[in-house]
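Summary of the model geometry
Chain by chain, the residues run as shown.
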Amino acid sequence: MRPDTEFAALAEPFRPELLAHCYRMLGSIHEAEDLVQETYLRAWRAFDRFEGRSSLRRWLYAIATRTCLTALETRPRWPVPSGLGAPSDDHRTALAPGEPAVPWLQPAPDALLGGDDPAAVVAGRAGVRLALIAALQFLPARQRAVLTLRDVLAFRTAEVAEMLGTTAAAVDGALRRARTRLAEAGPVEEDLAEPDEDARRALLDDYVEAFARADPAALIELLRADVELEMPPTPTWFTGRDAVLGFLSGRVMRRGLWHMVPSRANGQPACVVYRRSGAGRYEAYGVQVLTLIGARVARITSFNDPGLVPAFGLTPTLTG
């Protein structure tokens, strides 16, 4: 077998989980895809020197982590509005101007992170939830790497030390600091009591139908009393069912204005959103991700960025 053929056969199965790793580190699915490509290029060039003293998986993770750390030297963190300021509980609050220049956090389609494998989805769901990805952005890059390698991917301390070219003591210290900072930032909602898959899909279908009918009353039974709504790149965000419903009914929901395609992102229910631009024509608008607690929506994160839609395998325009 030719070396390049052998490398592809051995390394390609790890691509989805490496993409998830780079996404945790960067908070951007677009940049994560670029860094995975760079990881594979570096690994292919060095494959003839791979001696097998560690597993191929760990070797690839080491290259991916170093690639991400280099990228993070010149990149700011990727926030969400709830990480930058206080919410409003009044739907009449004027929206602050959008800030498209801010590198906002992006959702990650399940289909790119091994979503065709149910076992992979279940195993990786907690590690890519939006709350965790947003919290990771507040950690220094090296602490972020240590925490994801140890707590999410369960590599041993000695393995992480080898991957990062440091000592076990340094890894343990970085991990303690990372855990402390995450705890100070508040809960990351990793152990939410979600309904089963059928109930999640039924809730998402009801949510999409409510928007199709422009029926805010239909949302009342779907939303928790403390539901939150944020809409990057708009810094303004809302908390409380009255504020969220008031905003949606007064400024967003119009019959025939929206078309939503159910999907999944970050191990959570999601929908790709299109906005009507003419008779029988809809243009990509963004992606909404729903965070559930029990059988109710606890947070709506509406990523109003048309550039995200192709990552979900959909076209920029729908007709008919």
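From a predicted model like this one, the values you see are computed outputs, not experimental measurements.

Membership of the largest hydrophobic core comes to 70 residues, with the highest contact counts inside it found for W59, L60 and L149. With eleven residues, helix 4 (residues 56-72) is the largest single contributor of residues to this core. Every residue in contact with L149, bar those within four places of it in the chain, is listed here: H21, Y61, T65, A154, F155, V160, M163 and L164.

Attention shifts here to the UniProt feature "domain: RNA polymerase sigma factor 70 region 4 type" (unreviewed entry) in the protein chain. Sequence positions flagged by UniProt for "domain: RNA polymerase sigma factor 70 region 4 type" (unreviewed entry) are, in local numbering, residues 130-182. Counted over residues 130-182, helix gives 79% and strand 0%. Its end C-alpha atoms are 14 Å apart.

Sequence positions flagged by UniProt for "domain: RNA polymerase sigma-70 region" (unreviewed entry) are, in local numbering, residues 11-74. For residues 11-74, helix accounts for 75% and strand for 0%, while the C-alpha atoms at its two ends are 28 Å apart.

Of all eight residues making up strand 6 (residues 296-303), seven are buried, and the element is well covered by its neighbours. Here strand 5 (residues 281-293) runs beside strand 6; their pairing, made up of seven bridges, is antiparallel. Within strand 6, the position partnered with Q288 by the bridge is S302. Counting the residues that bridge the hairpin from strand 5 to strand 6 gives two residues, and of these G294 lies at a positive phi of roughly 65°.

Two side chains with opposite charge may pair up if their charged atoms get near one another. For the structure shown, the criterion picks out 20 salt bridges. Across the pair D151 and R179 runs a salt bridge, and its minimum N-O distance is 2.7 Å. Note that D151 is positioned in helix 7 (residues 141-152) and R179 in helix 9 (residues 168-185), a separation of 28 residues in sequence. Residue class for D151 comes out partly exposed when judged on its relative accessible area of 38%. For R179, a relative accessible area of 42% corresponds to the partly exposed category. With its nearest N and O atoms 2.8 Å apart, the salt bridge here joins R213 to D215. A residue is classified by how much of its surface remains accessible, and R213, at 32% relative accessible area, is partly exposed. Looking at D215, the relative accessible area reads 22%, which means it is partly exposed. Here the residues in one salt-bridge network are R58, R156, E159 and E162, joined through shared partners.

The way to describe two aromatic rings as a pair is by their centre distance and the angle between their planes. All told, the structure shown has eight aromatic pairs when counted by the stated rule. Ring centres of F7 and Y40 lie 6.1 Å apart, and the angle between their planes is 70°; on these two criteria the pair is classed as edge-to-face. One end of the pair, F7, is in helix 1 (residues 3-11); the other, Y40, is in helix 3 (residues 29-46), and 33 residues separate them in sequence. This pair shows no difference in class: F7 is buried, exactly as Y40 is. Each member of the aromatic cluster is reached from another via a ring pair, and the members are F7, Y40, F47, F50 and W59. Stacked on the ring of Y40, the Lys or Arg R15 has its end atom at 4.2 Å from the ring centre.

The rules behind these values
Residues numbered from 1 in each chain as written. Predicted model: local features only at pLDDT ≥ 70, side-chain atom pairs only at ≥ 80, totals over all residues. Heavy atoms only, no water. Core = buried A, V, L, I, M, F, W, Y, C linked by side-chain atoms within 4.5 Å. Buried < 20%, exposed > 50% of the residue type's maximum accessible area, 1.4 Å probe, protein only. Helix = DSSP H or I, 4+ residues; strand = E, 2+ residues; numbered from the N terminus. Contact = heavy atoms within 4.5 Å. UniProt positions renumbered as here; feature names shortened; annotations may be inferred. Pairing = 2+ DSSP bridges. Salt bridge = Lys/Arg side-chain N within 4 Å of Asp/Glu carboxyl O. Phe/Tyr/Trp six-rings, centres within 6.5 Å; stacked < 30°, edge-to-face > 60°. Lys NZ or Arg CZ within 6 Å of the ring centre and 35° of its normal.

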